[in-house]
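# Chains, contacts and geometry: an overview
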Amino acid sequence: EEGESLFMLEKPEINFSDVGGMEREKQEIDLKIIKPLQFPDLYKAYGKKAGGGILLYGPPGCGKTYLAKATAGQIQAEFINVGIHDVLDMWVGTSEKNLHSLFELARQSKPCVLFFDEVDALGANRSALRQSGATHIINQFLAEMDGIAASNENILIIGATNAPWSLDPAFRRPGRFDRIIFVAPPETDGREEILKLQLRNKPVNDIDYKALAKATPGYSGADLKAIVDIAIEEKLLEALQKGVPQPITQKELLKAAKTHKPTTREW
Ligand code: ATP
């Protein structure tokens, strides 16, 4: 199928223990989507259903995709990553078949997490899609979601957005993206954990993670990864010259933080 190359289907090797900080977010995901899947009868007794969708929202780079992937890993499920922006043209340009085949792929890959990045591209009140009159795509998408919710399948749908308030209320109805979780920029403790995770199993020398975390206010998980990557790039050149791994130091990480500025300050 031509379109399917646009989706990433994988069995993630990461789980919640690879996600730094986010204790509240992980607990919410556990209670709102993992436990309902594992104990459907208990939830049903209180009128709550398993499956359906949740919406992750928050500033870019704070690990929404990473968290969704880790959720799949946590329950040993497949992960299907769909960037709405990337697939929209295909969906609009072709028949309904393509959109349907994505949900079919999910059914064939159970248990799975079906992840939609940038849902607002599809569901924003004033999305370009709606204005161009391609509302049938939106309606079909919602119908497919309802189909999954109704059949109580082992498919978790997770959407991510930076702008939940611009989402059409139709997307927030029961069985659709009816639960919402704020993925916050990491606090000092979270940043410390993320830095430790990013540098784990790498040659380092006496890093003061607490001090580094304090020195990086406003840095997202992606920003912290960028800093570590900058330091690694430099170290690699040195290591190539010397022929043995050279440890990354505090000073180099602080220097990298000077060249890569934080992206989440406005939030
Ligand atoms: P966007 O909102 O733009 O989709 P995002 O919030 O999905 O961005 P990710 O792509 O998930 O951000 O994060 C980018 C990278 O940063 C991840 O692949 C991961 O390596 C690292 N990262 C982000 N947050 C964390 C975290 N909490 N713990 C460990 N690594 C993280």
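Residues numbered from 1 in each chain as written. Predicted model: local features only at pLDDT ≥ 70, side-chain atom pairs only at ≥ 80, totals over all residues. Heavy atoms only, no water.

When you go through the chain residue by residue, the secondary structure sums to 12 helices and eight strands. Its C-alpha atoms give the chain a radius of gyration of 21 Å, near enough to 18 Å, the size a compact globule of 267 residues would have. With the principal axes as the frame, the chain shows a C-alpha extent of 60 × 45 × 35 Å. Out of the 267 residues in the chain, the part that is buried amounts to 48%. Of the roughly 13400 Å² that the chain leaves accessible, carbon and sulfur atoms contribute 52%. When the 33 basic and 37 acidic side-chain charges of the chain are each reduced to a single mean position, those positions are 5 Å apart. (Helix = DSSP H or I, 4+ residues; strand = E, 2+ residues; numbered from the N terminus. Rg over C-alpha atoms; globule rule 2.2 N^0.38 Å. Buried < 20%, exposed > 50% of the residue type's maximum accessible area, 1.4 Å probe, protein only. Areas by Shrake-Rupley, 256 points an atom, 1.4 Å probe, with all protein chains shown as cover. Lys, Arg positive; Asp, Glu negative; His and termini not counted. Charge placed at Lys NZ, Arg CZ, Asp CG, Glu CD.)

The local shell around the ligand holds 18 residues, among which Gly-20, Gly-63, Lys-64, Thr-65 and Tyr-66 are the closest. A distance of 3.0 Å separates an oxygen atom of the ligand from a polar atom in the backbone of Cys-62. Lys-64 places a polar side-chain atom, nitrogen or oxygen, 2.5 Å from an oxygen atom of the ligand. For the shell around the ligand, the secondary-structure elements that each account for two or more residues are α3 (64–74), α9 (188–199) and α11 (221–242). Taken together, the residues that form the shell around the ligand break down as eight nonpolar, six polar and four charged. (Near = heavy atom within 4 Å. Polar contact = N/O pair within 3.5 Å; in protein donor to acceptor, adjacent residues only side chain to side chain. Nonpolar A, V, L, I, M, F, W, Y, C, P; charged D, E, K, R; others polar.)

Across a sheet, strands are paired by hydrogen bonds formed along the backbone, either parallel or antiparallel in direction. One open sheet holds the six strands; their spatial order is β1-β3-β4-β5-β2-β6, and the pairing between them is mixed. What marks the edges here is a single partner per strand, and that holds for β1 (8–10) and β6 (177–182). Between one strand axis and the next, the sheet turns through 20 degrees on average, direction left out of account. Relative to strand β4 (residues 112–117), strand β3 (residues 78–83) is paired through six bridges, and the arrangement is parallel. Each bridged residue has a counterpart across the sheet, and for Glu-78 the counterpart in β4 is Cys-112. (Pairing = 2+ DSSP bridges. Axes fitted to C-alpha atoms, helices over the stretch in contact; angles between N-to-C directions.)

This brings us to unusual backbone geometry. Look at the link from Lys-110 to Pro-111: it is a cis peptide, with omega at -10 degrees. Mapped onto the elements, Pro-111 comes out in the loop between α5 (97–108) and β4. Here the phi dihedral of Glu-118 falls at roughly 60 degrees; this positive angle occurs in a residue that is not glycine. Positionally, Glu-118 belongs in the loop between β4 and α6 (120–123). Given a relative accessible area of 32%, Glu-118 falls into the partly exposed group. The phi dihedral of Asn-201 is positive, around 65 degrees, even though this residue is not glycine. Relative to the helices and strands, Asn-201 is located in the loop between α9 and β7 (204–205).

A few words now on helix α1 (residues 23–38). At Asp-30, α1 shows its strongest bend, of approximately 40 degrees. All of the buried residues along α1 are Glu-25, Lys-26, Glu-28, Ile-29, Ile-33, Ile-34 and Pro-36. In this fold, the buried residues of α1 make contact with α2 (40–45), β2 (52–57), α3, β5 (155–161) and β6. (Bend = angle between axes of the 7 residues up to and from the residue. Contact = heavy atoms within 4.5 Å.)

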